[in-house]
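Listed below, chain by chain, are the residues.
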Amino acid sequence: MVKAYSGAVVIADVLLLVLKILYFICEGIYRCFFPVDEKSVAGEIVLVTGAGHGIGKELALKYAGLGATVVCWDINDVNNEETISEINNLGGATAHAYKCDVSNREEVIQVAEKVKKDVGSVTILINNAGIMPCRPFLDHTAEDIQKIFNINIISHIWILQAFLPDMLANNHGHVVALSSMAGIIGLTNLVPYCATKFAVRGMMEALSEELRISCSAGGRNSNIKFTTIFPYMVDTGLCKKPKIKFPSLMAVISPKEAAAQIVTAQRKNKSVQSIPNYWLGINDFLRNLPDKAPLAFKDFLDSGVAADD
Ligand SMILES: NC(=O)c1ccc[n+]([C@@H]2O[C@H](COP(=O)([O-])OP(=O)(O)OC[C@H]3O[C@@H](n4cnc5c(N)ncnc54)[C@H](O)[C@@H]3O)[C@@H](O)[C@H]2O)c1
Ligand SMILES: *[C@@H]1O[C@H](CO)[C@@H](O)[C@H](O)[C@H]1NC(C)=O
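So, how was this worked out
- Residues numbered from 1 in each chain as written.
- Chains lettered and ligands numbered in written order.
- Predicted model: local features only at pLDDT ≥ 70, side-chain atom pairs only at ≥ 80, totals over all residues.
- Heavy atoms only, no water.
- Near = heavy atom within 4 Å.
- Polar contact = N/O pair within 3.5 Å; in protein donor to acceptor, adjacent residues only side chain to side chain.
- Areas by Shrake-Rupley, 256 points an atom, 1.4 Å probe, with all protein chains shown as cover.
- Helix = DSSP H or I, 4+ residues; strand = E, 2+ residues; numbered from the N terminus.
- Nonpolar A, V, L, I, M, F, W, Y, C, P; charged D, E, K, R; others polar.
- 1 Å grid on protein atoms, 1.4 Å probe; cavity = no way out; pocket = protein on both sides within 12 Å on 5 of 7 lines; lining within 4 Å.
- Points joined across faces, edges and corners; volume = space filled by probe spheres on them.
- Buried < 20%, exposed > 50% of the residue type's maximum accessible area, 1.4 Å probe, protein only.
- Pairing = 2+ DSSP bridges.
- Right-handed = clockwise from strand over helix to strand, strands pointing away.
- Phe/Tyr/Trp six-rings, centres within 6.5 Å; stacked < 30°, edge-to-face > 60°.
- Lys NZ or Arg CZ within 6 Å of the ring centre and 35° of its normal.
- UniProt positions renumbered as here; feature names shortened; annotations may be inferred.

1. Digging into the site of ligand 2
- Surveying the vicinity of ligand 2 reveals the residues Val36, Asp37, Lys39, Asn223, Lys225, Arg267 and Asn269.
- In this structure, Asn223 approaches ligand 2 through a side-chain N or O atom, which is 2.7 Å from an oxygen atom.
- Taking Asn269, its side chain carries an N or O atom lying 2.3 Å from an oxygen atom of ligand 2.
- Across the complex, the protein chains shield 60% of the 360 Å² of accessible surface that ligand 2 would expose by itself.

Written out as structure tokens, the structure reads:
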């Protein structure tokens, strides 16, 4: 039955809401000047998918340097072993390599069991592995499209099913997912890729909300945090034919710098972070203008990716 509110209760509720919103705005401004301390990741068990190359590799190195135990997954075991040996060269860090095709559900379940036995429960999960074939929508083959979805989004679900239950049982954990600015803005030659990156964003927000609601129903706070990352262009080779009109303004970021920003966002419990960080703000602003305004901005930037050969 719909609850009937009296007029006075409605007014009190609205006033309370306005006060809360004002409070959180003030808190946000305060935090611009006095940022929160980054939480320690020492002793955490961090799983990085796609740790053999690019952003994933730099993330594995960074977390190892911060005293975490790192579990590296990649379909390319030669590159993955190379990451492990670089971590071992740091001295003192513990790292474990597993070959895993994250798009294969049986393999994910098997390897996850092995990790739990050998290393323990993963407390920080970084869903990073991804592919980005670039071509016009109708030129993608069916297999191609299925593969983009399986690696870029469906894999996140299989891996979460393996590791989220332990995080829930301990009410401790952090899930980080690599979306992309292509998960915020639709781009040419990237239709299936954009769809998967929008999906990553939606899944992360919905899952985070579900845990928030279920915990508050149980009278406690969820200590499982969610961070979704939206990089623009990172110099890893993933983006084969980048087109950038103003290279001095929009420098392509190194994977090492991207990893540093991702780790900081995770340690500050940020729910979303673009790299560079101004992109989300620019998008929010432009989306409030008439439709043609953001299109004019896109034409002005004239940047993106050309089709693969
Ligand atoms: N590089 C960019 O400009 C950029 C921009 C936005 C978002 N991203 C996202 O960041 C993430 C990492 O990108 P990157 O540039 O470091 O890519 P990369 O190609 O340099 O590295 C990706 C790694 O994932 C591994 N991998 C691929 N398929 C796999 C599978 N099925 N199972 C397990 N491992 C697999 C590859 O072997 C490789 O080691 C991706 O999700 C990508 O979409 C990258
Ligand atoms: C992040 O969240 C964890 C878990 O709730 C909490 O212990 C920690 O203090 C938070 N840190 C920051 C920087 O917000």
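Back to the text.
2. Re the site of ligand 1
- In the vicinity of ligand 1 there are 26 residues, among which His53, Asp74, Tyr193, Val234 and Thr236 approach most closely.
- Within the side chain of His53, a nitrogen or oxygen atom sits 2.6 Å from an oxygen atom of ligand 1.
- Separating an oxygen atom of ligand 1 from a backbone N or O atom of Val234 is a distance of 2.7 Å.
- Surface burial for ligand 1 is 92%, taken as the share of its 830 Å² of free accessible area covered by protein chains.
- Counting residues per element, the ones that place at least two in the shell around ligand 1 are helix 2 (54-65) and helix 6 (191-217).
- When its residues are assigned to classes, the shell around ligand 1 shows 13 nonpolar, 10 polar and three charged.

3. Let's talk about the layout of surface pockets
- Considered as a void within the structure, the second largest pocket measures approximately 520 Å³ in volume.
- Lining of the second largest pocket is provided by 15 residues; of these, Ser208, Arg212, Ser222, Ile224 and Lys225 occupy positions nearest its centre.
- For the lining of the second largest pocket, the secondary structure elements donating two or more residues are helix 6 and strand 6 (224-231).
- Of all the elements, helix 6 adds the most residues to the lining of the second largest pocket, at five residues.
- By residue class, the composition of the lining of the second largest pocket is three nonpolar, seven polar and five charged.

4. Comments concerning the pairing of strand 6
- Counting buried residues along strand 6, seven of its eight residues qualify, which places the element largely inside the surrounding structure.
- One ladder, built from six bridges, connects strand 5 (residues 173-178) with strand 6; its direction is parallel. Looking at the pairing, Val176 lines up with Thr227 of strand 6.
- Handedness of the crossover joining strand 5 and strand 6 through helix 6 is recorded here as right-handed.
- Where strand 6 and strand 8 (residues 272-275) come together, four bridges link them in parallel fashion. Bridging across to strand 8, Thr228 finds its partner in Val272.

5. Overview of the packing of aromatic side chains
- By the definition in use, this model includes seven aromatic pairs.
- Judged by centre distance (5.5 Å) and plane angle (70°), the rings of Tyr23 and Phe24 are edge-to-face.
- With centroids separated by 5.3 Å and ring planes inclined at 40°, the aromatic side chains of Phe246 and Phe300 adopt a geometry described as tilted. In this pair, Phe246 is assigned in the loop between strand 7 (242-243) and helix 7 (255-267) and Phe300 in helix 9 (residues 292-301), connecting sequence segments 54 residues apart.
- By relative accessible area, Phe300 is classed as partly exposed at 45%.
- Within the aromatic cluster, the residues linked to one another by ring pairs are Tyr232, Tyr278 and Trp279.
- Above the plane of the ring of Trp158 lies Arg105, whose end atom (NZ or CZ) is 4.8 Å from the centre.
- Here the basic side chain of Arg201 rests over the ring of Phe198, its NZ or CZ set 5.2 Å away from the ring centre.

6. Re the UniProt feature "transmembrane region" (unreviewed entry) in the chain
- In the numbering used here, UniProt assigns the feature "transmembrane region" (unreviewed entry) to residues 7-25.
- The span residues 7-25 shows a helical share of 100% and a strand share of 0%, and its end C-alpha atoms are spaced 27 Å apart.

7. Considerations on the pairing of strand 4 (residues 124-127)
- Residues of strand 4 alternate between two faces, with Ile124 and Ile126 on one and Leu125 and Asn127 on the opposite face, all of them buried.
- Pairing of strand 1 (residues 45-49) with strand 4, which is carried by three bridges, proceeds in the parallel orientation. Along strand 4, the bridge assignment pairs Val48 with Ile126.
- Judged from the four bridges that link them, strand 4 and strand 5 form a sheet pairing that is parallel. Pairing of Leu125 across the sheet is with Val175, part of strand 5.
- The handedness of the strand 4 to strand 5 crossover, carried by helix 5 (residues 142-170), is right-handed.

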